[in-house]
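# Residue-level structural notes
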Amino acid sequence: MSDLDLLNQSLARNVKHWRSVRGFTLDVLAARAAVSRGMLIQIEQARTNPSIGTVVKIGDALGVSITTLLDYEQGPKVRIVPADRAVRLWHTEAGSYNRLLAGTEAPGPLEMWDWRLMPGESSPSEPHPTGTVELVHVTTGELTLTVDGEDHLVPAGASATFEANTPHTYGNRGEVPMEMVMAVSVPPVHRDAP
């Protein structure tokens, strides 16, 4: 079985599990995540390979991290993720990528990412739930962080934090690759939340 098959089966099992834990019907989760009911059925039956954007929307709607949705090994309290097990969820032909390094539920989803953006490339993100905070630390190059239409330059060695409930984009307008580490903290979802 391929890694992609394992991830799709894990995603199917975990979406079903967390939808049940939250008491959400397919229709409720579809509405909360802005994903079609048909797509959710295909995901829960492991018959599709959804985009990272779709997985993020479902995780946000369920109040769990992407790591939790893709985790196919239930391990001990200390979980070490070897470098070759980091999940690459987005990449381009030019060499840009992001990798989910680790994540946990504490008390809501908490994720750590490794990013690389090649010169001239960018990656937009839709707004996350209110209360979501992102922290970035640039290790190489310069990040152009656009939050709600306003650009912020974050050079190598600098860090930034922002509330991620508005549209935001990670961009590299420089001439060298930009690398950063990012942490995302999403507030927990309560069953009675809309």
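This text goes with the structure placed above it.
Residues numbered from 1 in each chain as written. Predicted model: local features only at pLDDT ≥ 70, side-chain atom pairs only at ≥ 80, totals over all residues. Heavy atoms only, no water.

### Re the pattern of salt bridges
- Per the stated rule, a full pass over the model turns up six salt bridges.
- A salt bridge links R37 to D27; its shortest N-O distance comes to 3.0 Å. Highlighted residues: R37 in helix α3 (residues 37-44) and D27 in helix α2 (residues 26-33), separated in sequence by 10 residues.
- Judged by its relative accessible area of 41%, R37 falls in the partly exposed class.
- The residue R173 makes a salt bridge to D151 at a minimum N-O spacing of 2.7 Å. Taken together, the residues R173 in the loop between β9 (168-171) and β10 (178-185) and D151 in strand β7 (residues 150-155) connect sequence positions 22 residues apart. (Salt bridge = Lys/Arg side-chain N within 4 Å of Asp/Glu carboxyl O. Helix = DSSP H or I, 4+ residues; strand = E, 2+ residues; numbered from the N terminus. Buried < 20%, exposed > 50% of the residue type's maximum accessible area, 1.4 Å probe, protein only.)

### Side note on the packing of aromatic side chains
- Enumeration according to the criterion identifies two aromatic pairs in this entry.
- Ring plane angle 40 degrees and centroid distance 5.6 Å describe the contact between W90 and W115, whose orientation is recorded as tilted. Here W90, found in strand β1 (residues 87-91), pairs with W115, found in strand β3 (residues 109-117); they are 25 residues apart in sequence, far enough to count as distant.
- Residue W90 is classed as buried on the basis of its relative accessible area of 18%. (Phe/Tyr/Trp six-rings, centres within 6.5 Å; stacked < 30°, edge-to-face > 60°.)

### Quick notes on the packing of α2 against helix α4 (residues 52-62)
- Between α2 and α4, whose axes approach to 8 Å, the crossing angle comes to 110 degrees. Between α2 and α4, the angle falls in the class roughly perpendicular. Seen along the crossing, α2 lies across α4 with a hand that is right-handed. For the pair α2 and α4, contact is made by L29, R32 and A33 and by K57, I58, A61 and L62, respectively.
- The residue makeup of the contact of α2 with α4, split by class, is five nonpolar, no polar and two charged. (Axes fitted to C-alpha atoms, helices over the stretch in contact; angles between N-to-C directions. Parallel < 35°, antiparallel > 145°, perpendicular 65-115°, else oblique. Left-handed = near helix turned anticlockwise from the far one by under 90°. Contact = heavy atoms within 4.5 Å. Nonpolar A, V, L, I, M, F, W, Y, C, P; charged D, E, K, R; others polar.)

Scope: geometric values only; no functional claims are made or implied.
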